Amino acid sequence: MTFMSPLDLLTVSNHEQDVIRCLIRRPRLTLQEIAGFTKIPVDKLEGIVNSMVQESRLDKDGDSKFQVLLNNRGAKQERAGSGLLESLFN
């Protein structure tokens, strides 16, 4: 599983951003739960989520629940006081 950084969010479609935002706020949701929160029809969402899993943008566990694994390296650097630009370019 690759980790997504905040800059990676700029490269995904609007629906994928909706799915990622939903799963960041409420990790480990089923496809039907994601559809309920995002208002994306389940048949369309299934294709989106499956491609996101194949591209390692989402992780799917054995219970068919999905989650996003974000790269939190930038958060650690901000605590160290190195600033926003350092976290973006390291």
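Since this is a predicted model, take the numbers as computed values, not measurements. (Residues numbered from 1 in each chain as written. Predicted model: local features only at pLDDT ≥ 70, side-chain atom pairs only at ≥ 80, totals over all residues. Heavy atoms only, no water.)

What the chain contains, in helices and strands, is five helices and two strands. N-terminal to C-terminal, the α/β element order of the chain is α-α-α-β-β-α-α. Counting every position in the chain, which comprises 90 residues, the buried fraction comes to 29%. Put simply, of all contacts in the chain between residues at least 6 apart along the chain, 54% involve residues at least 24 apart. Total accessible area computed for the chain in this model is approximately 5,900 Å², and 51% of it derives from carbon and sulfur atoms. (Helix = DSSP H or I, 4+ residues; strand = E, 2+ residues; numbered from the N terminus. Buried < 20%, exposed > 50% of the residue type's maximum accessible area, 1.4 Å probe, protein only. Contact = heavy atoms within 4.5 Å. Areas by Shrake-Rupley, 256 points an atom, 1.4 Å probe, with all protein chains shown as cover.)

Within this structure, the stated rule accounts for four salt bridges. The salt bridge involving R57 is made with E55; its shortest N-O contact spans 2.9 Å. (Salt bridge = Lys/Arg side-chain N within 4 Å of Asp/Glu carboxyl O.)

Before going further, it helps to examine the confidence of the model for the chain. For any part of a model where pLDDT is low, the fine detail of the predicted coordinates should not be relied upon. Looking at the chain as a whole, the pLDDT averages 81, with 72% of positions reaching at least 70. Low pLDDT, under 50, characterises residues 74-81; the stretch is placed with seven contacts to residues that sit more than four places away or in other chains. (pLDDT = per-residue confidence, 0-100.)

Evaluated as defined, the whole model comprises zero aromatic pairs. Its guanidinium or amino end placed over the ring of F37, R26 lies 3.9 Å from that ring's centre, counting from NZ or CZ. (Phe/Tyr/Trp six-rings, centres within 6.5 Å; stacked < 30°, edge-to-face > 60°. Lys NZ or Arg CZ within 6 Å of the ring centre and 35° of its normal.)

On to the packing of helix α1 (residues 14-25) against helix α3 (residues 42-54). Interaxial distance between α1 and α3 falls to 11 Å at its minimum, and their mutual angle equals 80 degrees. Taken together, the axes of α1 and α3 are roughly perpendicular relative to one another. When α1 is examined against α3, the residues H15, E16, V19 and I20 are found in contact with a partner set consisting of K44, L45, I48, V49, S51 and M52. A class-by-class count of the residues in the contact of α1 with α3 yields six nonpolar, two polar and two charged. (Axes fitted to C-alpha atoms, helices over the stretch in contact; angles between N-to-C directions. Parallel < 35°, antiparallel > 145°, perpendicular 65-115°, else oblique. Nonpolar A, V, L, I, M, F, W, Y, C, P; charged D, E, K, R; others polar.)

A few words now on the nonpolar core. Counting 17 residues, the largest nonpolar core has V19, L23, I34, L45, V49, L58 and F66 as the members making the most contacts within it. Of all the elements in the fold, those that place two or more residues in this core are α1, α2 (31-38) and α3. Residues contacting L23, with those up to four places away along its chain left out, are R28, L29, I34, L58, F66, Q67 and V68. (Core = buried A, V, L, I, M, F, W, Y, C linked by side-chain atoms within 4.5 Å.)

Taking 1.5 Å per residue, 13 residues should reach 18 Å; α3 reaches 18 Å between its end C-alpha atoms and fits that length. For α3, the full list of buried residues reads L45, I48, V49 and M52. Seen from one end, α3 has its buried residues packed into an arc of 95 degrees, which puts them on one side. Of the exposed residues in α3, the ones pointing more than 90 degrees away from its buried face are D43 and Q54. Immediately downstream of α3, the backbone of S56 shows phi near 60 degrees, a positive value. (Expected span 1.5 Å × (residues − 1). Arc of directions from axis to C-beta.)

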